[in-house]
Structures are given as structure tokens and as C-alpha cells.
Amino acid sequence: MDIKDIKAIIDLMKKNSITEFELEEKDSKLRLKRGLNGTSQIAQSDDVVPMISAALPIVAQTVSVVPLAAPTGEIDIKSPMVGTLYRSPSPEAGHYVEIGTEVSPDTIVCIIEAMKVMNEIKAEVKGVVTQILIENGKPVEFGQPLFKVRPA
Amino acid sequence: MFEKVLVANRGEIAVRIIRACKELNIRTVAVYSEVDANSMHVQMADEAICIGNAASSESYLRIDRLISAAEIADVDAIHPGYGFLSENAHFAEVCESCNIRFIGPSPHAMNALGDKAVSRALAKKAGVETPPGSDGIVENEKDALAIAKRIGYPVMIKAVAGGGGRGMRSAHNDISLVKGYHTSRTEAEKAFGNSGVYIEKYIENPHHIEIQILGDNKGKIIHLGERDCSVQRRNQKLIEESPSPLLENKFRKLRDKIGKAAVRIAEAARYTNAGTVEFIVDDHGNFYFLEVNKRIQVEHPVTEEVTGIDLVRYQILLAMGEPLQHSQGDITFKGHAIECRINAEDPFDDFSPSPGRIEMYYQPGGRGVRMETHAYAGYTIPPTYDSMIGKLIVTGKDRREAIDRMNRALNEFLITGIKTTVSFQQAIMQDPNFRRGVYSTNFVEQLLGGARRELIEEKS
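For clarity, every value in this text was computed on a predicted model and none was experimentally measured.

## Digging into the overall build of chain B
(1) Moving on: Counting its regular elements, chain B contains 16 helices and 22 strands.
(2) Moving on: Computed over C-alpha atoms, the radius of gyration of chain B comes to 22 Å, within 12% of the 23 Å expected from 2.2 N^0.38 for 460 residues, which places it in the range of a compact globule.
(3) Moving on: For the C-alpha atoms alone, the extent of chain B along its principal axes is close to 55 × 50 × 45 Å.
(4) Moving on: Taking all 460 residues of chain B together, the buried fraction comes to 52%.
(5) Moving on: By sequence separation, contacts in chain B at least 24 residues apart represent 65% of the contacts at least 6 residues apart.

What follows is the structure, given as C-alpha cells:
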């Protein structure tokens, strides 16, 4: 279950005026609940301008994802800073990690450049890379998930 | 023309700045800590970048992350708001060296007004009186006692790097002076990273009168009148108004004098952009310079309402290098404006903070009513930051109408899920002394003292 799937479900909910949705999978449970203030049920006169509350993105409504992570569940390597991400030490070199790469806590997984300083980002976990969530040369923010790792 | 501005702040002021940018067709970038992901400023901005954990020291005060965010978003300028890094000369310098315009005074002006002791000296040079006191930092206990002897008790011990009403305490005799001197230094080191303190005479029944100034980069400086901020609790402002009832009722000629003094001080510092010069006025019409706030202030809307001038918009235009479009003679005042700060605090429980989820939220409206807030139904106020959730600004043709309208407006608030200070503001609006315009900075203490006494008598 990743953010793309959740977004798709949210869209479907909006389109079909569904207010609650619950899905339980093998290792995770998702429960989405919409508030009712985003609909057009309010009686409007001709010159009513849409209020900002009607246009609030889904982020203001209750969304909770409860990962029931078993010991073998994946964990995220998250960005500890704001900057531009690079997957290799230099443009000509190969990527630090790919899917399937084994990492240990001190393995460098990527570089984040901030204010002209290249910061080597360590895995901080032991395991195998299962997903790559970012693209080379793209900006990343604090806390942004970069890689998924299945801990060993 | 700026194409993109990063707002290095949060809450209601971030919303205010984003609105001003939108009206100038400038794209906005919000930064936020992890607990602010659902905050209004994040939702309003065109882009948003997470810069850290909840703690301000790990997010809104992280110069490196703010600059990183500014770079990846490729902004032209940063607006620092108030508090946080707004008066941090180092931050302003870093911005400039990274080719990012800092929307505020120049690093030079910030340094010229340096800490409070330095600006006191500058004011004296500009021919403005300061409360009698030490000439700079008090180095030791012996000096403190000597100064207090010279100027006479009671005195105020103030942190040179303090701000927002923090880092000050009074002393009424030698014993409390020595104790207060050492405690203040320790607290100041912890809170502001600078243990320097200075001593000033404590003016009895002081009225806090501040002057709004604007300066362009050609050296032209004007003032936009005064705000009376005497209604405070523990040195935190609760209510601000313009014009000051003290000046209106007793000292009409003082407005011009104080305004000119403010401009002289700003000129001595070669000040640019928006700022506020604070004064203490006593019951005899003597005024003393306190300090300069080198930023846009919380209560700026009060001045906007009586002058018709958009101060945040002006900040952005001045930062873009535009000259001041107004001369002193162009500034006129119309009507009376009052602002009530609304805090998430329980006035019946010694104003203890009341963070949490706002369940229902309806704010006042109608003619002459302006609400500046980031609150909304369903928003969870994080416990990590200050408790102010909004400002209610009301304008009337005169003070009487403004107070009546404020009463009417305060009554319209519907906020459930958290406690707020709305009821306390209502009590102030109905207080006969406030309504008469006769109050000084010990007003709230006296009001609470009376109320507390009634409660005690009720219980016994």
C-alpha cells in the first residue's frame, strides 16, 4: 500500500460520496474517513464565491494509516535534511544502492546536497533495499521517505 | 519583481504574508515542521517543504534548512515574519550572501540597533530620552547596586537580547536586586544565549506607546502613528489600539513629538523596511525610549486599519527596492481600531495553555471586523509553539463605536474543543476603566486581582 494507492482510493471516495473506507491486508490496515464539509450541499445564491474550506485538500480530513508491521515489515530510510538528492557519488559513477542491495547501518545510500555541501546519507539500518522512492537530482524535504528496506 | 517568496514562519502571520504575496501575484513557498503538516499556511501556499521535527530549534530556527528549502524552491526572497529569525542579523546576512533578499531591515540596521543597550545609546545620541539607567551591560553585582542607588528604586532588570516581553523583572530593594540580577543573567543565557543585562528605572503607571515606521533604501523614513499596547499580562500584550486614548485625551501634541523622535532614531540607525519604536509614557506626558522592534509586529493590523496602508505589502515592495510612495504629510488617520489577541489558554485556570483539536469554529464577521487567524474546525493546535490562535481587529468611527463593535464581535465567537481567552477579552471590554481609556500596564494585574478576590470570597 503506497501513497499512490491511497490517493486513488481517496479520489474514488470523493467521486462516489463515500465517507468511510476500511481495508485490512496481510500486514497493514487502512482506515479513511472523510468530513462532510467538502461537498456542494450548501444552498447558494448566485453570487456566492466558493469558500476556502470547500477547496481544502484531503490533508485536512482524517487520514490514518496503521501499519501493523510484523518483524519482517519494511521500514523507511527518511531524509534527515532539506536538499537535492543524488544517487551516486558523481555523475559518471554508479548508484550507491539499487533494489536488492544489502545495506548495513554505515552503508552510504545517497548524497543530499544542501547549500553546496554534499552530505553522505547512511542507511542506519541493516537489511535489503526493496524500493527506491526518489529520483536522482530531485529536491527532498525533511522526513521524506527515500528507500524502503526489509530489515535483516 | 519577486517571483517567489519563502515564508520562514508559521501560524497566522504566515497566512498574512502569503495573502500579501498572492495579491502581488508572487508565488509562495511555505516551510513547516512535522507537526504543522496540516496547518493553514501549508495549505494556502503554492508549495510546501517540510524542514524538521516539531521543536522550533529543529525546524523554524534552522537557518541551514531554511536556506536549503529556499534554494531547492528557487525563491527570490524570504519573509521572516515575527519572532523566530526575524531579528537575527546573521540570518539576514546569510540570505544576502546566498542571493536571497531578506524582507526586513538591512543587516547594517539590525547591527546598529544591536541589542537593547546599544540602541539605548543610539537613542540618546539622537536626542531622545531613555529611562534613567545603566549605560550598557551591568558587569557585576557591585555596579548593579551602585546604579540602583543612583536612579532610585524601583528598577527593571532587562536582558539585552530579550524580546517579546521576556527576560525582564523588577526589583524594589537591594536584596531583590542582587537576587534578580543573578537570576536574570542565568535565565538570559538559557533563553537568548546572551547573559548581558542592563538596568532601567521602573516608571510608575507606565503606558506602552509604540510608533510604526517605514523606511526605504534611499534613507527616507516616515512614521504611521502610534499604537497603545498597555493592556498586558506578564509583559505579553493582550490588546492594542490606535490612536492611544492617553494621547487623544491628555497629550495631543505628544503624537507628533514622539513620532518625530522615532524617525530620528530610525534615521540614526539608517533603518530600512518596517519597524516599531517603543516608548514608555508616564502620567505627566514624559516619554522615554525603550527599544526598536526590527520586524513586522503582531499588532500591525491596528495601524493598517486607521491609516489604510497595507504594511506587509509595503515590506515586500520596499524589499524589492521600491522607494516609499508616501511622505509624512500623506499619512492620515481615520477612525479607531482595537485588536484583541485570542490565545488558546484557559483564563479561569491561570491562563494555562489549552492545545488540542478545535471541534467547532465560527469567527466573528460583519462591518468593521477583521480576523487574522490560521485556525479552522478540525485543526489540532500543537503544544510546541506559542498559544496565540488569532487576532480580532475591529474598527469604528471613534473609540466608543470600536469598543461596542468589539463587544458585539467577541460574542460571536464559537470555538469548542479548546479553551480560549475570548471571555477574558470580553471582561476587559466591559471594564469601566478600559472604556474610559484610563489604564496603564498594571491594568490586567489589577483586574485579575479584583476578580480573584471575588472568587476567594465566593468560596469561603
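## What to know about unusual backbone geometry
(1) Moving on: At the junction of B:Y153 and B:P154, the peptide bond is cis and its omega measures out at 0 degrees in the coordinates.
(2) Moving on: You can see B:P154 is positioned in the loop between helix 7 (141–151) and strand 6 (155–159).
(3) Moving on: Here the residue pair B:S242 and B:P243 is connected by a cis peptide bond, since its omega of -5 degrees sits within 30 degrees of zero.
(4) Moving on: Along the chain, B:P243 turns up in the loop between strand 11 (236–242) and helix 9 (245–249).
(5) Moving on: Even without being a glycine, A:K116 presents a positive backbone phi close to 70 degrees.
(6) Moving on: Relative to the elements of secondary structure, A:K116 occurs in the loop between strand 7 (108–114) and strand 8 (117–122).

## As for the nonpolar core
Residues and elements named next belong to chain B.
(1) Moving on: Core analysis: the biggest nonpolar cluster contains 108 residues, and L6, V7, A69, I78, I213, I265 and F279 have the highest contact counts within it.
(2) Moving on: Residues within four places of V7 in sequence aside, it is in contact with A14, I17, I18, T28, V29, A30, H41, A45, H79 and G81.
(3) Moving on: Counting residues in each nonpolar core, the second largest holds 33 residues, with V231, M406, Y439 and V444 among its members.

## Here we look at the interface of chain B and chain A
(1) Moving on: The interface is formed by 16 residues belonging to chain B together with 16 residues belonging to chain A.
(2) Moving on: If you list the elements that add at least two residues to the side of chain B that touches chain A, you get strand 3 (47–52) and helix 3 (63–72) of chain B.
(3) Moving on: It is helix 3 of chain B that contributes the most residues to the side of chain B that touches chain A, seven residues altogether.
(4) Moving on: Per-class residue counts for the side of chain B that touches chain A are seven nonpolar, five polar and four charged.

## What to know about the sheet that holds strand 7 (residues 168–171) of chain B
All names here are of chain B.
(1) Moving on: Pairing is antiparallel across the open sheet formed by three strands, whose spatial order is 7-6-8. Only two strands of the sheet have a single partner each, and these edge strands are strand 7 and strand 8 (197–201). Strand after strand, the sheet turns through a mean of 25 degrees between neighbouring axes, direction not considered.
(2) Moving on: For strand 6 and strand 7, the ladder comprises four bridges, and the chain directions are antiparallel. Residue pairing for strand 7: M156 is matched across the bridge by S170.
(3) Moving on: Helix 8 (residues 174–192) rests against strand 6, strand 7 and strand 8 of the sheet, and its axis sits at about 20 degrees to strand 6.

## Description of the confidence of the model for chain B
Residue and element names in this part refer to chain B.
(1) Moving on: Residues at a pLDDT of 70 or more form 97% of chain B, whose mean pLDDT is 93.
(2) Moving on: Under a pLDDT of 50 for its full length, residues 455–460 has, in the predicted model, zero contacts with residues more than four places off or in other chains.
(3) Moving on: Predicted complex metrics record ipTM = 0.79 and pTM = 0.83.

## Regarding helix 4 (residues 89–97) of chain B
All names here are of chain B.
(1) Moving on: Here helix 4 has its buried residues at A89, F91, A92, V94 and C95.
(2) Moving on: Where helix 4 is buried, its residues contact helix 3, strand 4 (77–79), strand 5 (101–102) and helix 5 (107–112).
(3) Moving on: N99, located one to two residues past helix 4, shows a positive phi value of around 65 degrees.

## Overview of the domain arrangement of chain B
(1) Moving on: Examined at the domain level, chain B breaks down into domain 1 (4–103), domain 2 (132–201) and domain 3 (207–454).
(2) Moving on: Between domain 2 of chain B and domain 3 of chain B, the C-alpha centre-to-centre distance is 27 Å.

About the cut-offs
Residues numbered from 1 in each chain as written. Chains lettered and ligands numbered in written order. Predicted model: local features only at pLDDT ≥ 70, side-chain atom pairs only at ≥ 80, totals over all residues. Helix = DSSP H or I, 4+ residues; strand = E, 2+ residues; numbered from the N terminus. Rg over C-alpha atoms; globule rule 2.2 N^0.38 Å. Buried ≥ 20, exposed ≤ 12 C-beta atoms within 10 Å, placed from the backbone. Contact = placed C-beta atoms within 7 Å. Core = buried A, V, L, I, M, F, W, Y, C linked by C-beta atoms within 7 Å. Nonpolar A, V, L, I, M, F, W, Y, C, P; charged D, E, K, R; others polar. Pairing = 2+ DSSP bridges. Axes fitted to C-alpha atoms, helices over the stretch in contact; angles between N-to-C directions. pLDDT = per-residue confidence, 0-100. Domains from an automatic or database assignment.

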